[in-house]
Amino acid sequence: MKDYFEKNAPDYVTVKVTPLHGGQAYGCPVDVPEYKAAEAAYLDTYGKLPIPMRSGGSIPIIARFEEVLGIKAILMGFGLGEDAIHSPNENYRLDHFYKGIETIIAFYQHYAKGGEIA
């Protein structure tokens, strides 16, 4: 990315890139049993299939888990934008917490069956 910006910047622009960490990006495919089990769990709990968000984050260990353990990591979220995560007024509703617990239990049940939606 650094090379791209330096090469494509106009002459009147100075580019300075400072790497902050070396963590690898991670994206889980949506056609693996792990994801299918999560999808089925959300359907059980909320009555709707989830939409893969592909949003960014900073959890560099996730890609390493796959590399070392040879397994897919599934990042299942239960919060909303209005939760104001990492802000001074961060909050998390208890009903979302309990629905999350239900969904995780359903995830393990579906994963044990190969991730198929019943």
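Use the structure listed above.
Keep in mind that what you see is a predicted model, and the values were worked out from it rather than measured. (Residues numbered from 1 in each chain as written. Predicted model: local features only at pLDDT ≥ 70, side-chain atom pairs only at ≥ 80, totals over all residues. Heavy atoms only, no water.)

Chemist: Where do I start with unusual backbone geometry in this structure?
Modeler: Where the residue is not glycine, phi is negative for most of them; where a peptide bond is considered, it is trans in most cases. At Ala84, a position not held by glycine, the phi torsion is positive, near 55 degrees. By the element assignment, Ala84 lies in the loop between α3 (61-69) and α4 (94-112). Judged by its relative accessible area of 22%, Ala84 is partly exposed. Phi at His86 is positive, roughly 65 degrees, even though this residue is not glycine. Mapping His86 onto the fold places it in the loop between α3 and α4. (Helix = DSSP H or I, 4+ residues; strand = E, 2+ residues; numbered from the N terminus. Buried < 20%, exposed > 50% of the residue type's maximum accessible area, 1.4 Å probe, protein only.)

Chemist: In this structure, what is going on with helix α2 (residues 33-46)? I would like to understand it.
Modeler: For an α-helix, 3.6 residues make a turn, and residues three or four places apart therefore share a direction. Across its 14 residues, α2 extends 20 Å between first and last C-alpha, which sits within 8% of the 20 Å expected from 1.5 Å per residue. Taken together, the buried positions of α2 are Glu34, Tyr35, Ala37, Ala38, Glu39, Ala40, Ala41, Tyr42 and Thr45. Remark: Gly47 follows α2 within two positions and exhibits a positive phi of approximately 80 degrees. (Expected span 1.5 Å × (residues − 1).)

Chemist: Looking at this model, I keep getting lost on the packing of aromatic side chains. Mind explaining?
Modeler: Working definition: an aromatic ring pair is given by the centre-to-centre distance plus the angle between the planes. In total, this model carries 6 aromatic pairs according to the counting rule given. On the numbers, 5.8 Å between centres and 15 degrees between planes, the contact of Phe107 with Tyr111 is stacked. Of this pair, Phe107 and Tyr111 both sit in helix α4, 4 residues apart, which is roughly one turn of the helix. A residue is classified by how much of its surface remains accessible, and Phe107, at 11% relative accessible area, is buried. By way of ring pairs, the aromatic residues Tyr42, Tyr46 and Phe78 are connected into one cluster. For Lys99, the ring lying beneath its charged end belongs to Tyr46, and the centroid distance is 5.6 Å. (Phe/Tyr/Trp six-rings, centres within 6.5 Å; stacked < 30°, edge-to-face > 60°. Lys NZ or Arg CZ within 6 Å of the ring centre and 35° of its normal.)

Chemist: Before we go on, may I ask you to explain the packing of α2 against α4 in this structure?
Modeler: When two helices pack together, their arrangement is given by the angle between the helix axes and the distance between those axes. Between α2 and α4, the shortest axis-to-axis distance is 8 Å and the interhelical angle comes to 135 degrees. By the angle between their directions, the pair α2 and α4 is classed as oblique. Regarding α2 and α4, the two cross each other, and that crossing is right-handed. Within the contact between the two elements, α2 uses Pro33, Glu34, Ala37, Ala38, Ala40, Ala41, Tyr42, Asp44, Thr45 and Tyr46 and α4 uses Lys99, Gly100, Glu102, Thr103, Ala106, Phe107, His110 and Tyr111. The residue inventory of the contact of α2 with α4, partitioned by class, reads 10 nonpolar, 4 polar and 4 charged. (Axes fitted to C-alpha atoms, helices over the stretch in contact; angles between N-to-C directions. Parallel < 35°, antiparallel > 145°, perpendicular 65-115°, else oblique. Left-handed = near helix turned anticlockwise from the far one by under 90°. Contact = heavy atoms within 4.5 Å. Nonpolar A, V, L, I, M, F, W, Y, C, P; charged D, E, K, R; others polar.)

Chemist: What should I look at first to understand the pattern of salt bridges in this one?
Modeler: When the charged atoms of two side chains with opposite charge come close together, those side chains can pair. Within this structure, the stated rule accounts for 5 salt bridges. Where Arg64 meets Glu67, a salt bridge forms, and the shortest distance between an N and an O atom there is 2.6 Å. Residue Arg64 and its partner Glu67 are located together in helix α3, separated by 3 residues, close to a single helical turn. Residue classification places Arg64 among the partly exposed positions, given a relative accessible area of 43%. On the basis of relative accessible area, Glu67 is assigned to the exposed category, the value being 58%. Arg93 serves as the salt-bridge partner of Asp95, at 2.6 Å between the closest nitrogen and oxygen. The exposure class assigned to Asp95 is partly exposed, which follows from its relative accessible area of 37%. For Arg93, a relative accessible area of 40% translates into the label partly exposed. (Salt bridge = Lys/Arg side-chain N within 4 Å of Asp/Glu carboxyl O.)

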